[in-house]
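# Descriptive analysis of the structure
Spelled out, the chains give:
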Amino acid sequence: MSSPETSGDGLHIAIVGAGITGINLALGLQARNVSYTIYERSPGFREIGAGIGFSPNAERAMSSLNLEVFAAYRRIANANGEDYFQWVDGHKTGELIFKLHVGKDGFQGGLRSAFLEEWAKLIPPNAVQFNKHLDTITKLDSPKLLLHFKDGTTATADAVIGCDGIRSRVRQLLLSPSPISSSITRNNMNPKLPPSAHPTYTRKFCFRALAPMPAAISSLGRAKATTRFMYNGPGAHLITYPVGNSTLLNILAVISDPNPVWPHQHAQGRHTAPGTKAEAVAAFSGWCDTARAIVSLLPDGEEMDKWGVFDMAEHPAPYYARGRVCVAGDAAHATGPHLGAGGGMGIEDALVLAEVLGKVDGRVKRGDTAEGKGAVVERALEVYNEVRYARTQEVVQSTRAACDLFQWRDPEVGRDPERFGREIMEQFHRVWKYDIDGMVEEALAKLDADA
Ligand SMILES: Cc1cc2nc3c(=O)[nH]c(=O)nc-3n(C[C@H](O)[C@H](O)[C@H](O)COP(=O)(O)OP(=O)(O)OC[C@H]3O[C@@H](n4cnc5c(N)ncnc54)[C@H](O)[C@@H]3O)c2cc1C
């Protein structure tokens, strides 16, 4: 295993951000013996206490990335009662409208914090630096890029991979009309930046909660509480699945907002705002008994966070890589939660980056780079961009379309269960059945073609 800054003449990669994408990329590089350091602005590995599910494509990408990543994922993933994703008319009848096979033990959920912690155990302590908030990147013309952090410190690297989430600083630097080396030191609202530097409010917000499983079973019944379900209806939908070794039911209630802007814009960069359970109860009043029972499982009390759903569908980044800097995961193509695919896209990105950088690192270590280290790193990131752009942009767009289907807003489909089943199966299969091996082969072939 490489430790930071010690791999002789090989590459050293700076990963900005220790979320799902950053950690997976780190472990992919580690498996290929490429030296890296993660720089994370928080004081430790941090995820919120909510659930996340990884779809079959994400599982295949994890196995190819690093078998230990996949094994760690399996240790946390929570078995579903059935290998089906099931949709219910949550509004009128409470009856099943469609079920989709997820594959054997497929599309399992778990606690975000538990997945992150389990993966983080595989990262050597000297490979990550906390409390390092990236501000800018300079020295593009020199052999090493220079990262500047808000605490005044700097670090060097051969390439910088921004895995710094939906409000990515690295994306701002990458898309800035001025060269990256002229440092942008102001806040997210820098007016010179293009619209794609910022995510857009999708006019959806959500409530997220973890209900104790005994309470969930007693109000929904064992069959509904112990496997993955979604409840469709006009202007809202609910998703539930078990997490935490089936001690908790993860609940996500997504509500359409007539307001075109997130009314909390003043809270710079914050996607959460104070909400109330009463708001959720009102949004689902008149729905079927089960849907209302799910909403009543949200925690009682005056306030609970509501989350604005933001994405990059309206203002996609025109490219993910420039020179020796690129973005991956939400930093490149943030998407809504509706297809359960955003985390998986970051893991697919991580796989391609690990493969192309691993290959280039091998060439650099063998001295097999007549064109120079910088040029081969640039080409590797270009290849990453070429291979990942269409796939990820398609998922961002289809995620919005899927939400319309769940909330009966698609004028062609409406509430027709047969048409819904056909459409939604197609959407999920496009995400799940993606040819992960083919993606890697394509990336390596492009790189070989230039060698
Ligand atoms: C409600 C909801 C439900 C979802 N459910 C699913 C699901 O079931 N399945 C799925 O696959 N996806 C799901 N997603 C999407 C998924 O959560 C995201 O795609 C994923 O978490 C993105 O990971 P990331 O590592 O790219 O970014 P992040 O998780 O945002 O991580 C970015 C990291 O970078 C750090 N950082 C930021 N700026 C800087 C800086 N300047 N310097 C240093 N560090 C910095 C942050 O502190 C953070 O640790 C859901 C999303 C939402 C909103």
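Conventions we followed
- Residues numbered from 1 in each chain as written.
- Predicted model: local features only at pLDDT ≥ 70, side-chain atom pairs only at ≥ 80, totals over all residues.
- Heavy atoms only, no water.
- UniProt positions renumbered as here; feature names shortened; annotations may be inferred.
- Near = heavy atom within 4 Å.
- Polar contact = N/O pair within 3.5 Å; in protein donor to acceptor, adjacent residues only side chain to side chain.
- Areas by Shrake-Rupley, 256 points an atom, 1.4 Å probe, with all protein chains shown as cover.
- Helix = DSSP H or I, 4+ residues; strand = E, 2+ residues; numbered from the N terminus.
- Nonpolar A, V, L, I, M, F, W, Y, C, P; charged D, E, K, R; others polar.
- Buried < 20%, exposed > 50% of the residue type's maximum accessible area, 1.4 Å probe, protein only.
- Pairing = 2+ DSSP bridges.
- Contact = heavy atoms within 4.5 Å.
- Axes fitted to C-alpha atoms, helices over the stretch in contact; angles between N-to-C directions.
- Parallel < 35°, antiparallel > 145°, perpendicular 65-115°, else oblique.
- Left-handed = near helix turned anticlockwise from the far one by under 90°.

Going by what an unreviewed UniProt entry lists, the protein is known as FAD-binding domain-containing protein and is assigned to Parachaetomium inaequale. For the record of the protein, the UniProt heading Sequence similarities (unreviewed entry) holds the text "Belongs to the paxM FAD-dependent monooxygenase family."

Time to look at the site of the ligand. If you check the shell around the ligand, you find 30 residues, and the closest are Thr-21, Glu-40, Gly-53, Arg-112 and Asp-330. Contact between the ligand and Gly-342: an oxygen atom at 3.4 Å from a main-chain N or O atom of the residue. In the complex, the protein chains occlude 87% of the 1,000 Å² of accessible area that the ligand would expose alone. Elements that contribute at least two residues to the shell around the ligand include exactly helix H1 (20-31), strand E3 (51-54) and helix H11 (342-366). Sorting elements by how many residues they give to the shell around the ligand places H11 first, with 3 residues. Residues that form the shell around the ligand fall into these classes: 10 nonpolar, 12 polar and 8 charged.

Here we come to the pairing of strand E9 (residues 145-149). Most of E9 is tucked away, with 4 of its 5 residues classed as buried. As paired strands, strand E8 (residues 134-138) and E9 are joined by 4 bridges and run antiparallel to one another. Residue Leu-134 lies in a different strand from E9, and its bridge partner there is Phe-149. Joining the antiparallel neighbours E8 and E9 is a turn of 6 residues, in which Lys-139 adopts a positive phi near 65°. With 4 bridges joining them, E9 and strand E10 (residues 154-157) adopt antiparallel strand pairing. Bridging across to E10, His-148 finds its partner in Thr-154. Where E9 hands over to E10, the hairpin turn is made up of 4 residues, of which Gly-152 adopts a positive phi near 90°.

Strand order in the open sheet made by the 6 strands is E7-E2-E1-E11-E19-E18, with mixed pairing throughout. The two strands at the open ends of the sheet, each matched to only one other strand, are strand E7 (128-129) and strand E18 (321-322). Judged from the 4 bridges that link them, strand E1 (residues 12-16) and strand E11 (residues 159-162) form a sheet pairing that is parallel. Directly across from Val-16, in E11, lies its bridge partner Gly-162. Seen against the sheet, helix H12 (residues 373-406) touches E11, E18 and strand E19 (325-327) and runs at an angle of roughly 20° to E19.

Our focus in this paragraph is the packing of H1 against helix H4 (residues 112-120). Between H1 and H4, the shortest axis-to-axis distance is 10 Å and the interhelical angle comes to 25°. In this view, H1 runs roughly parallel relative to H4, as classed from their interaxial angle. Crossing angle aside, the handedness with which H1 passes H4 is left-handed. Mapping the contact onto sequence places Ile-20, Ile-23, Asn-24 and Leu-27 in H1 and Leu-116, Trp-119 and Ala-120 in H4. Its residues assigned to classes, the contact of H1 with H4 shows 6 nonpolar, 1 polar and no charged.

Turning next to unusual backbone geometry. In the Ramachandran plot, Asn-131 falls in the positive-phi region, its phi being about 55° despite a non-glycine side chain. Along the chain, Asn-131 turns up in the loop between E7 and E8. The exposure class assigned to Asn-131 is partly exposed, which follows from its relative accessible area of 47%. Positive phi values are uncommon outside glycine, yet Arg-203 reaches one of about 65°. Residue placement: Arg-203 occurs in strand E12 (residues 200-212).

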